[in-house]
Amino acid sequence: MADGFAKFISLDMSLSDPGKGQTLQSFALKMVFISISLSILISLAVILLGSTLELLPVPLAEAVSYSIAMGWIVGGLVAGILCKVLAKAIRQLRESQAEFERLSRTDTLSGLANRRAFNQVFEDIQSNASLAIFDLDRFKSINDNFGHSAGDLVIKRVARAIEDVFGDFHCVARLGGEEFGVIVCGGDRKDRVALIEMARVRVACLSVNFEGNLLQTTVSVGIAEIEPSRSKHDTFALADKALYTAKAAGRNRLCHSDDAFARMERNETLSMALQVAS
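Residues numbered from 1 in each chain as written. Predicted model: local features only at pLDDT ≥ 70, side-chain atom pairs only at ≥ 80, totals over all residues. Heavy atoms only, no water.

### With respect to a nonpolar patch on the surface
A surface patch of nonpolar side chains, about 410 Å² in accessible area, is lined by Leu38, Leu41, Ile42 and Val46. Here Leu41 lies in helix H2 (residues 24–52). On the accessibility criterion, Leu41 (55% relative accessible area) is exposed. (Patch = residues over 30% accessible without salt bridge, like charges linked within 9 Å, V, L, I, M, F, W, Y side chains within 5 Å. Areas by Shrake-Rupley, 256 points an atom, 1.4 Å probe, with all protein chains shown as cover. Salt bridge = Lys/Arg side-chain N within 4 Å of Asp/Glu carboxyl O. Helix = DSSP H or I, 4+ residues; strand = E, 2+ residues; numbered from the N terminus. Buried < 20%, exposed > 50% of the residue type's maximum accessible area, 1.4 Å probe, protein only.)

### Description of the side chain of Lys247
Along the polypeptide, Lys247 turns up in helix H8 (residues 232–248). Relative accessible area serves as the criterion here: at 17%, Lys247 is assigned to the buried category. Polar side-chain contacts of Lys247 include one of 2.9 Å to the side chain of Asp135. Not counting chain neighbours up to four residues away, the residues in contact with Lys247 comprise Asp135, Leu136, Asp137 and Ser220. (Polar contact = N/O pair within 3.5 Å; in protein donor to acceptor, adjacent residues only side chain to side chain. Contact = heavy atoms within 4.5 Å.)

### Description of the pattern of salt bridges
Per the stated rule, a full pass over the model turns up 10 salt bridges. Of the charged contacts in the structure, one is a salt bridge between Asp135 and Lys247, with a shortest N-O distance of 2.9 Å. Of this pair, Asp135 sits in strand E1 (residues 129–136) while Lys247 sits in helix H8; the two residues are 112 residues apart in sequence, bridging distant segments of the chain. The pair formed by Asp135 and Lys247 is uniform in burial state, with each residue classed as buried. The partner of Arg189 in a salt bridge is Asp258, with the nearest N and O atoms 2.7 Å apart. Highlighted residues: Arg189 in helix H7 (residues 189–204) and Asp258 in helix H9 (residues 257–277), separated in sequence by 69 residues. We classify Asp258 as partly exposed; its relative accessible area is 32%.

### Examining the packing of aromatic side chains
The final tally for this structure, using the stated rule, is two aromatic pairs. The interplanar angle of 80° and the centroid separation of 6.3 Å between the aromatic rings of Phe134 and Phe166 together place this pair among those described as edge-to-face. Of this pair, Phe134 sits in strand E1 while Phe166 sits in helix H6 (residues 148–166), and the two are 32 residues apart along the sequence. Judged on exposure class, the residue Phe134 and its partner Phe166 are both buried. Between the NZ or CZ atom of Lys232 and the centre of the ring of Phe122, over which it lies, the distance is 5.9 Å. (Phe/Tyr/Trp six-rings, centres within 6.5 Å; stacked < 30°, edge-to-face > 60°. Lys NZ or Arg CZ within 6 Å of the ring centre and 35° of its normal.)

### Remarks on the packing of H6 against H7
Contact geometry for H6 and H7: axes closest at 9 Å, N-to-C directions at 150°. Here H6 is positioned roughly antiparallel relative to H7, judged by the angle of their axes. As for how H6 packs across H7, the hand of that crossing is right-handed. Along its contact with H6, which presents Val158, Ala161, Ile162, Asp164, Val165 and Phe166, the element H7 presents Leu195, Ile196, Met198, Ala199, Arg202 and Val203. (Axes fitted to C-alpha atoms, helices over the stretch in contact; angles between N-to-C directions. Parallel < 35°, antiparallel > 145°, perpendicular 65-115°, else oblique. Left-handed = near helix turned anticlockwise from the far one by under 90°.)

### Points about the nonpolar core
Within the largest apolar cluster, 30 residues are counted, with the highest numbers of intra-cluster contacts made by Phe134, Ile162, Phe166 and Phe180. Going through the elements one at a time, E1, helix H5 (139–146), H6, strand E3 (179–185), H7, strand E4 (207–210) and strand E6 (219–226) are the ones with two or more residues in this core. Ranked by residues supplied to this core, first place goes to H6 with nine residues. In terms of nonpolar packing, the next biggest core, distinct from the first, is built from 19 residues, Ile125, Leu175, Cys185 and Ala224 among them. (Core = buried A, V, L, I, M, F, W, Y, C linked by side-chain atoms within 4.5 Å.)

### Considering the packing of helix H4 (residues 115–124) against H8
Direction vectors running N to C along H4 and H8 enclose 115°, while the axes themselves pass 11 Å from each other. Two packed elements cross with a definite hand, and for H4 against H8 that hand is right-handed. Residues Arg115, Phe118, Phe122 and Glu123 of H4 pack against Lys232, Thr235 and Phe236 of H8. The residue makeup of the contact of H4 with H8, split by class, is three nonpolar, one polar and three charged. (Nonpolar A, V, L, I, M, F, W, Y, C, P; charged D, E, K, R; others polar.)

Dropping the structure here:
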């Protein structure tokens, strides 16, 4: 019973997750109940002391009645005002915390999810999805020839172009520098690859006007399938290797890790055949 009462009067709240704490309404009700109870108890203690010292101007029963009535009126009024102020402060704290959490998961330049948010989504996806790593081709030349402001503008426009293709259903993030990551979920593999190819083409067709100069760029893309039997580290490594294969093959193209391995196997087979022949 004591534990139940202690739990009832507990004023703990969870700002990060209201479901783990009390609602504002229950919190306010408890505040009012506790305030009134304390007000009445203090008043009764004073009345009993006054009765003992024969200082009460009215009979004891009448004084107790007045004390209880005033406790409800004054205590309830004060507690209500305090609860209203406190509730507003708590709402503002929750909103600030939610905004801080959103900003902590957002890349400030591109407006996309950042690497932290990307990794969280990546860890939760187990199958029926593809990981695509986009990397801008010859991006350094844009910074060298037109300055970092031009490079930042290109990154922003490329981010919008990629995001427009994939929408909110897929996770699109800036991993850092000129590298973007996309987790393409659902559908068949060929459909996911087609969507990634669409994003590549969209970037290739993009023209960015910077101080009268039309800047154009392309992206190389490495793709790997997300499978339960493969660790996330290995999946990312496969996509990264496929990306470098796309770069080596001439840039402005995509390469799937399965295709890269098939090519490697063919080259190894050819190499062995040449060795035998020689």
